[in-house]
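Observations on the model geometry
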Amino acid sequence: MRQLLLILTALLACAATLHGEEPEERRKIVFTPQWTSQCQFAGYYVAQEKGYYADAGLEVEIKQPSTSKPAIEYLKSGESQIITMQLAQALCEMGKGAPLVNILQTSQQSSLLLVSRQPVKDIRDLRGKRIGCWKTNFAVTAQAADHILSLQIEWIPFIQNINLFISGAIDGTLATSYNEYYQLLFSGVELNEEKVIRFSRIGYDIPEDGVYVTREFYRKHREMATKFAEASRKGWEWAAAHPEEALDIAVRYIRMQETGTNIVLQKYLLEETLRLLHDPTDGRMTFRLKPESVDQANRVLLEGGILEKPVSYQLLTEGHE
């Protein structure tokens, strides 16, 4: 009887593999968000806490990146199988030969801001100014706009804080509407719409955060990738329906990672991140990447001298949309 059970178990494992399913020991996934722990990634923390990944048969390790090593490097080295990154970044990496597949699109709007020390009527008023930007490749859309509009901005790199702006060392800084914008407010900087340029309102509303895998991983482990995407979507939907509880879950995870922050900032960060999940045209959370968004991103990056040729929607999604 024991031998019969062993034979049946082996046959079932072989059958699962033939049908594209992964044996249990291969269902472990290392997931790396694009930045250090914060409520920008609350949906994934919720999916882990609520057991959505486990229910899908996945053992997920959430491995936050360092500030000096972007998530794409974890993917390229094989340290992580799934990462988040911005759409414009993904197109740039694909333009350099990285075979990426988008399996889930959370952001449906751009969060990118340019905060000026002095009131401005137009982004062209910042021509030739010293503007802070992230060392990581989060500034690609702004740099494309710089090229398109011939702004000749002097980009001053920073890692993760607003000290350059507060110290007066730069004329302006790039920021996100969910993070650095609130950091500036909480530090006492007086901001109004005359000092804040929203890229979403000047023709550069490119959706940002999505979930990516390599094309090799997707073709070999499509079921795992799909289950991860579905469980993550459930996590974000639960977070949107229960924002206070989602904040508690995320803050517990952030503290476990010993990331310096405060709950007030994380509350505003979560509220804005959840707003960005909604399509601005109909207010729905679709979690899908729209072809027109890819077209717009291609146009901006091509005209901005970032891409040499467009990346097709079909290639980016591997036809699963």
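Note that this is a predicted model, so its numbers are computed, not measured. (Residues numbered from 1 in each chain as written. Predicted model: local features only at pLDDT ≥ 70, side-chain atom pairs only at ≥ 80, totals over all residues. Heavy atoms only, no water.)

**Side note on the environment of Glu-216**
Mapped onto the secondary structure, Glu-216 falls in helix 9 (residues 215–220). Residues Glu-216 and Asp-55, spaced 161 residues apart in sequence, show a C-alpha to C-alpha distance of 25 Å. (Helix = DSSP H or I, 4+ residues; strand = E, 2+ residues; numbered from the N terminus.)

**Notes on the side chain of Gln-38**
Position of Gln-38 among the secondary structure elements: in the loop between strand 1 (28–32) and helix 2 (42–49). In this structure Gln-38 touches Tyr-45, Tyr-178, Asn-179, Ile-254, Gln-266 and Leu-269, once residues within four positions along its chain are discounted. (Contact = heavy atoms within 4.5 Å.)

**With respect to the sheet that holds strand 8 (residues 172–176)**
Judged by pairing direction, the sheet is mixed, and its 5 strands sit side by side in the order 7-6-8-5-9 without closing on themselves. Of all the strands in the sheet, the pair left with one neighbour each is strand 7 (154–158) and strand 9 (196–198). Averaged over all adjacent pairs, the angle separating strand axes in this sheet is 30°, with direction ignored. As paired elements, strand 5 (residues 112–116) and strand 9 share 3 bridges and run antiparallel to each other. In the strand pairing of strand 9, Val-115 is matched with Val-196. Seen against the sheet, helix 6 (residues 140–148) touches strand 5, strand 6 (130–134), strand 7 and strand 8 and runs at an angle of roughly 170° to strand 7. (Pairing = 2+ DSSP bridges. Axes fitted to C-alpha atoms, helices over the stretch in contact; angles between N-to-C directions.)

**Observations regarding the packing of aromatic side chains**
Using the criterion set out here, one finds 13 aromatic pairs in the structure. With 4.8 Å between their ring centres and 55° between their planes, Phe-31 and Tyr-44 make a pair best called tilted. Here the residue Phe-31 occupies a position in strand 1, and Tyr-44 occupies one in helix 2, the gap between them amounting to 13 residues. Phe-31 gets classed as buried once you look at its relative accessible area, which sits at 0%. Taking 5.3 Å as the distance between ring centres and 80° as the angle between the ring planes, the aromatic pair formed by Tyr-181 and Tyr-182 counts as edge-to-face. Grouping residues by exposure puts Tyr-181 and Tyr-182 together as buried. Within the aromatic cluster, the residues linked to one another by ring pairs are Phe-31, Tyr-44, Tyr-53, Phe-228 and Trp-236. Its guanidinium or amino end placed over the ring of Phe-165, Arg-117 lies 4.4 Å from that ring's centre, counting from NZ or CZ. Sitting above the plane of the Tyr-268 ring, Lys-267 keeps its charged end 5.6 Å from the centroid. (Phe/Tyr/Trp six-rings, centres within 6.5 Å; stacked < 30°, edge-to-face > 60°. Buried < 20%, exposed > 50% of the residue type's maximum accessible area, 1.4 Å probe, protein only. Lys NZ or Arg CZ within 6 Å of the ring centre and 35° of its normal.)

**With respect to the nonpolar core**
Counting 93 residues, the largest nonpolar core has Leu-100, Ile-103, Leu-174, Phe-199 and Phe-228 as its most contacted members. Broken down by element, this core gets its largest block of residues, 8 residues, from helix 10 (residues 222–241). Among all residues touching Leu-100, those that are not within four sequence positions of it are Ile-72, Leu-75, Met-85, Ala-90, Glu-93, Met-94, Tyr-212, Val-213, Arg-215, Leu-315 and Leu-316. Of all hydrophobic cores here, the second largest spans 14 residues; its members include Val-115, Tyr-181, Val-196 and Leu-265. (Core = buried A, V, L, I, M, F, W, Y, C linked by side-chain atoms within 4.5 Å.)

**Quick look at the pattern of salt bridges**
Pairing between side chains of opposite charge can happen when the charged atoms of each approach one another. A complete count under the given rule lists 17 salt bridges for this structure. Taking the shortest distance from any N to any O, the salt bridge between Arg-215 and Glu-318 comes out at 3.4 Å. Of this pair, Arg-215 sits in helix 9 while Glu-318 is found in the segment after helix 14 (313–317), placing the two residues 103 residues apart along the sequence. One exposure class covers both Arg-215 and Glu-318, and it is buried. Where Glu-237 meets Arg-233, a salt bridge forms, and the shortest distance between an N and an O atom there is 3.0 Å. Of this pair, Glu-237 and Arg-233 both sit in helix 10, separated by 4 residues, roughly a single helical turn. Arg-233 gets classed as partly exposed once you look at its relative accessible area, which sits at 32%. Here the salt bridges share partners, and the residues they tie into one network are Lys-63, Lys-69 and Glu-79. (Salt bridge = Lys/Arg side-chain N within 4 Å of Asp/Glu carboxyl O.)

Taken by themselves, the reported measurements are silent on function.
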